[in-house]
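Structure assessment
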Amino acid sequence: MRHIPLLIIGGGIGGMATGLALAQAGFEAHIIEQAQEFTEIGAGIQIAPNAMRVLESLGVLDAVSEVAVRPRNVVFMHAETGQHLTTIDFGAAFRERYGQPYSVLHRSDLLDVLLTACREHPKVTLENNRQVVDVEDHTTTAVVRFADGDSYRTDALIGADGLRSPTRRLFSDDQPFTEAYVAYRGALPMSEIDVPVEPNDEIIWLGPNKHLVQYPIRRGELYNQVAVFRSFRYTPEIEHTDQWGGPEELDQAFATSCEQVRNYIKLFNRSRRWPLYDREPLDNWTSGHITLLGDAAHPVFPYLAQGACQAIEDAECLARQMTKAGGDIDDAFAAYQAERIPRTTMVQRVVRGWGHVWHADGDVVPALRDRVFGLRSADDYTDLDWLYQPFAA
């Protein structure tokens, strides 16, 4: 049985950021990934200032900036009427208030930046094609068993293994939760888009039981779109099938939208759908020398674009607490979850509520939402401070 001092399960954005943060703090980090290559599925990702500050501390901000786009604004529009609802100005006042810009980029570009930094760091080792079948808690160590019969023993195990984390089973028998929403995602070269788009802004179209998000990525060469809608065919009995949220429901969901939105929906590739899930917040995600990170600990719906951002925050916190504890795993893991659980729980709760506001149907809630949105100024950041401002560690 091979001994690994510190093992990270999961080679996604959270796992890579954690490996890099720990290595820069002086700890050896071994990252394993079940896929044959380190890769991200999907297209665009939004990185808010709270995560951009961490990327700066990791020394990768310049590399990220080379492939990212900094939108001028995020503009909220009504998907049915085409009415402008509100704008958030991402300009100089925003950057001064939060210390970093709001950036959008391709998910694979962000992972590639982190992967390159990890490959170049002598304290990070990477291993692919490692499918975990079991994780055992031995209090002062952990054992990870693989599908090929191999096993690793480690002094510190970090489960950054995603929404359906095998490691999370040590802490909870809960299951991912859906509100029957489905996403279609894709990015097209700007040269192939034959309808008007705004290349300098992020646009969010809100409507009953649906929304559409648009923004440029990869230095403005691609245009990313995400369409989200509630499937009215969903039932628990067919949850794990493709009998709900199909392309025909996508078209039905946006059929009553304004002409602009309907034209954008026509651009989507219909070959893959992403059902949206989160989980209930945990009040503990650490046992012995095992802890969770990112979606394994606190999966979140995408409505505030904080999934990757919170994982990146986790990475910084864990490395800082490891340094503060002098490498004492018990103290470091306890301090890490004590700091992170209140923060991530709030994010999960607020995001669920934000989704209900975005997707509200009927007369009262949408009217109130639109009125409140319409009363704010573009440089009013009051409701963003709790999420984006630096917080005391």
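Before any of the text, the structure's been laid out above.
Residues numbered from 1 in each chain as written. Predicted model: local features only at pLDDT ≥ 70, side-chain atom pairs only at ≥ 80, totals over all residues. Heavy atoms only, no water.

Our next topic: the packing of helix α1 (residues 13–24) against helix α8 (residues 307–324). Their axes nearest at 8 Å, the elements α1 and α8 cross at an angle of 25°. Classified by the angle between their axes, α1 and α8 sit roughly parallel to one another. In the crossing of α1 with α8, the sense of the turn from one axis to the other is right-handed. In contact with I13, G14, A17, T18, A21 and L22 of α1, α8 contributes A308, A311, I312, A315, L318, A319 and M322. (Axes fitted to C-alpha atoms, helices over the stretch in contact; angles between N-to-C directions. Helix = DSSP H or I, 4+ residues; strand = E, 2+ residues; numbered from the N terminus. Parallel < 35°, antiparallel > 145°, perpendicular 65-115°, else oblique. Left-handed = near helix turned anticlockwise from the far one by under 90°. Contact = heavy atoms within 4.5 Å.)

Attention now moves to the layout of surface pockets. Of the volumes computed, that of the second largest pocket is approximately 190 Å³. In terms of lining, the second largest pocket is formed by eleven residues, of which the most central are N50, R53, V54, E316 and F391. Where the lining of the second largest pocket is concerned, the elements lending two or more residues are α2 (49–57) and α8. A total of four residues in the lining of the second largest pocket trace back to one element, the largest contributor, which is α2. Considering only residue class, the lining of the second largest pocket consists of four nonpolar, two polar and five charged. (1 Å grid on protein atoms, 1.4 Å probe; cavity = no way out; pocket = protein on both sides within 12 Å on 5 of 7 lines; lining within 4 Å. Points joined across faces, edges and corners; volume = space filled by probe spheres on them. Nonpolar A, V, L, I, M, F, W, Y, C, P; charged D, E, K, R; others polar.)

The next point concerns the nonpolar core. Grouped together as the largest cluster of nonpolar side chains are 105 residues, with contacts concentrated most on I47, L55, V60, F76, L110, L114 and M322. Those residues in contact with F76 that sit more than four places away from it in its chain are Q83, H84, L85, T86, I88, I204, L206, W358 and F373. Counting 24 residues, the second-largest nonpolar core is a separate cluster that includes M77, F229, F254 and Y264. (Core = buried A, V, L, I, M, F, W, Y, C linked by side-chain atoms within 4.5 Å. Buried < 20%, exposed > 50% of the residue type's maximum accessible area, 1.4 Å probe, protein only.)

Below, the discussion takes up α8. Taking 1.5 Å of rise per residue, the 18 residues of α8 would be expected to cover 26 Å, and the 26 Å separating its terminal C-alpha atoms lies within 8% of that figure. Counting buried residues in α8 gives 13 out of 18 residues, a clear majority hidden from the surface. After α8 finishes, the residue G326 shows a positive phi value of roughly 65°. (Expected span 1.5 Å × (residues − 1).)

This paragraph deals with a nonpolar patch on the surface. On the surface, M346, V350 and W386 cluster together to form a nonpolar patch covering roughly 250 Å² of accessible area. Mapped onto the elements of the fold, W386 is located in helix α11 (residues 385–388). (Patch = residues over 30% accessible without salt bridge, like charges linked within 9 Å, V, L, I, M, F, W, Y side chains within 5 Å. Areas by Shrake-Rupley, 256 points an atom, 1.4 Å probe, with all protein chains shown as cover. Salt bridge = Lys/Arg side-chain N within 4 Å of Asp/Glu carboxyl O.)

The next point concerns unusual backbone geometry. The phi dihedral of T139 falls on the positive side, at around 70°, and the residue is not glycine. Its location among the elements puts T139 in the loop between β8 (132–137) and β9 (142–146). Residue T139 is classed as exposed on the basis of its relative accessible area, which comes to 53%. Unusually for a residue other than glycine, R218 sits at a positive phi of about 50°. For R218, the position within the fold is in the loop between β13 (210–217) and β14 (222–230). Accessibility expressed as a relative area gives 23% for R218, which makes it partly exposed.

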